[in-house]
Every structure is written in C-alpha cells, then in structure tokens.
Amino acid sequence: MNDMNPAGGPPSLEEGLQNPYEPELGQLPNTTEQDNEKVNETGTTTIGIATENGVIVATDRRASLGGRFVSNKNVQKVEQIHPTAALTLVGSVGGAQSFIRSLRAEVNLYETRRGEDISMSALATLAGNFARGGPFFAINPILGGVDDEGSHVFSIDPAGGVMEDDYTVTGSGLMVAYGTLESQYEDDLSMEEAKTVAADAVSSAAERDTGSGNGLVVAEVTGEGVEIDTYEYDDLL
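Under an unreviewed UniProt entry, the name given to the protein is Proteasome subunit beta, and the source organism is Halorientalis persicus. Looking at the Function (unreviewed entry) heading of the UniProt record, one finds this comment for the protein: "Component of the proteasome core, a large protease complex with broad specificity involved in protein degradation." According to UniProt, the comment filed for the protein under the heading Catalytic activity (unreviewed entry) is "Cleavage of peptide bonds with very broad specificity."

Here it is as structure tokens:
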C-alpha cells in the first residue's frame, strides 16, 4: 500500500490532529486574572509636596487582595531610601519592597564608589532605570528628597519615566486627592501646613477609593534626615 499523498509528501493527517512535521508552539501562562487576585496590592493614595524647608510625603495605610479584600490595615507605604530621601510603595507589595531593597543597595554602591552623596536628580534617574528594567510588577512611587539644590518631589511611572514637580499624587485615589490638593496648595506652604493639606487629600481619597484608607503614614524629609510617623485622619485635620 502506498502511504504517500498524491503530491509525494508525507501521509495526510485527519483533521484536528497536530502535524508532526510542523513546529509545536508553546503558550504563555495566563496570569492576568487569577494570579493578580492572589497578590497583595497597596491600592493606595500617595502624595508628595515640596516646601522651602523640606518635603512632606503622605500615604494611606491599606493593602488589599485584588482590590476586593482588605488584607492589611497598617501598612507603612513610605520608606527611607537615603539619609535625606523617602520613597512610597505603590502597586504590588512584594514588587515595591523588592524595588526599595534593590535601590538602597545601588545608592550605597554609588556613594561608596564616588565618595560623595548622590543628588536627588541622580537618585530619581536611578529609580526610573530600575522601574523600567527590573521585575517589580507595576509600581508608581513618589520620591521626595532634599539635597544641596533644595527640596525635590519626583513621580516615577511603571515605564521608568521620571517627572519633577512641586507636588504630585499617585495611586488609585489620585483623582480625588488631586482635586483637594490643588484647591489648597500654595507656593509658600510651611512643613506643618503641607502636612495638613496632604492629610486632607488622602482622607478625601479614602472616602471614595476602596484601595485607600485606615489612616495615614507621613514622612517629613529635611536636610537633617527623615522622620516617619503614623496618624489617624483626625490627628491632623
């Protein structure tokens, strides 16, 4: 019996069977739905305000699972990243924590090699490079710091973009927080006034954003260092 097809090629296959003479293509795992529900996310409203005497960085304290379940009510979403700089955690908790550990190590290496303090502009650029090139999930932190040139606030997007401004907001509650912040912000705010404005903006966001809530963490960044404290909304409003 002749098993060759009329064209002289390999035997024909029944419809629906994999052709053994063609490459078999694999598939990427579909992790967009089920796995995301298992990841702790900070949801979050984070705010940075630059003043003449320093920077206020404020966040809420809530973490959630897939944005549906409150997994923790006392998350510190601001970490000291440098003696005179603080960085917020936005996005997946694990990714943000890994990002901060990696950035701290790189900053220490930078200063050891050069024998001088890193500028806030260089630190922001370094953070942007890490965000773009590292396996940190989607993060969108705020960097607030003080150097010889003054006070600085940077937002860092998940693609590694770095933008400096007098104030900025990131996280799931940013639309509500921006409205409150822009209605109260003034160029000559003191540190205490900036703290109150930031607290009001985070509190307003928590009223509507399910990913934000459960109080405040505030970092006061000056040329003397970084002081991080926890508050309830009523403590500052």
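Following the structure, the description resumes.
*Asks:* Go over the sheet that holds strand E6 (residues 78-82) with me, naming the residues and quoting the values.
*Replies:* Pairing in this open sheet of 5 strands is antiparallel, and the strands run E6-E7-E8-E9-E10 from one edge to the other. Sheet topology places E6 and strand E10 (162-165) at the edges, where each strand pairs with a single neighbour. Across the sheet, the mean angle from the axis of one strand to that of its neighbour is 25 degrees, orientation sign disregarded. The sheet contact formed by E6 and strand E7 (residues 85-88) spans 4 bridges and is antiparallel. Bridged to Glu79 within E7 is Leu87. Sheet strands touched by helix H2 (residues 93-114): E6 and E7. Its angle to E6, the strand with the most contacts, is close to 20 degrees. Across the sheet, helix H3 (residues 120-133) touches E6, E7, strand E8 (142-147), strand E9 (150-156) and E10, and the angle it forms with E9 is around 10 degrees.

*Asks:* Break down the packing of aromatic side chains for me, citing the residues and quoting the values.
*Replies:* Applying the stated criterion across every chain yields a total of 1 aromatic pair. Ring geometry for Tyr167 versus Tyr185: centroids 4.5 Å apart, planes at 45 degrees, classification tilted. Residue Tyr167 is found in strand E11 (residues 167-171), and its partner Tyr185 is found in the loop between helix H4 (174-184) and helix H5 (191-208); the two are separated by 18 residues along the sequence. Note on Tyr167: relative accessible area 16%, which makes it buried.

*Asks:* Describe in detail the pairing of E11, supporting the description with residues and values.
*Replies:* By the criterion of burial, E11 is predominantly enclosed, with 5 of the 5 residues buried. Here E11 shows a buried face lined by Tyr167, Val169 and Gly171 and a second buried face lined by Thr168 and Thr170. As defined by bridge partners, strand E2 (residues 45-51) adjoins E11 across 5 bridges and the pair is classed as antiparallel. The residue bridging Thr45 from the neighbouring strand is Gly171, located in E11.

*Asks:* Any chance you could break down the UniProt feature "active site" (unreviewed entry) in the protein for me, citing the residues and the numbers?
*Replies:* The sites that UniProt annotates as "active site" (unreviewed entry) are Thr44. Here Thr44 falls in the buried class, since its relative accessible area comes to 0%. Excluding residues that lie within four positions of it along the chain, Thr44 makes contacts with Asp60, Lys77, Leu89, Val90, Thr170, Gly171, Ser172, Gly173, Asp209, Gly211 and Ser212. Side chain to side chain, Thr44 and Lys77 meet in a polar contact 3.1 Å long.

*Asks:* Describe the nonpolar core, with residues and values.
*Replies:* The biggest cluster of nonpolar side chains holds 24 residues, and the ones touching the most others in it are Ile47, Ile49, Leu181, Leu216 and Val218. Looking at this core, the elements with two or more residues in it are E2, strand E3 (54-60), E11, H4, H5, strand E12 (216-222) and helix H6 (233-236). In terms of residues, this core owes the most to one element, H5, which gives 9 residues. Those residues within four positions of Ile47 in sequence are excluded, and the remaining contacts are Ile56, Val57, Ala58, Ile142, Thr168, Val169, Ala177, Leu181, Ala198, Ala201 and Val202. By size, the runner-up hydrophobic cluster in this structure holds 21 residues, among which are Leu123, Ala124, Ala127 and Ala131.

Rules used in this analysis
- Residues numbered from 1 in each chain as written.
- Predicted model: local features only at pLDDT ≥ 70, side-chain atom pairs only at ≥ 80, totals over all residues.
- Heavy atoms only, no water.
- UniProt positions renumbered as here; feature names shortened; annotations may be inferred.
- Pairing = 2+ DSSP bridges.
- Helix = DSSP H or I, 4+ residues; strand = E, 2+ residues; numbered from the N terminus.
- Axes fitted to C-alpha atoms, helices over the stretch in contact; angles between N-to-C directions.
- Contact = heavy atoms within 4.5 Å.
- Phe/Tyr/Trp six-rings, centres within 6.5 Å; stacked < 30°, edge-to-face > 60°.
- Buried < 20%, exposed > 50% of the residue type's maximum accessible area, 1.4 Å probe, protein only.
- Polar contact = N/O pair within 3.5 Å; in protein donor to acceptor, adjacent residues only side chain to side chain.
- Core = buried A, V, L, I, M, F, W, Y, C linked by side-chain atoms within 4.5 Å.

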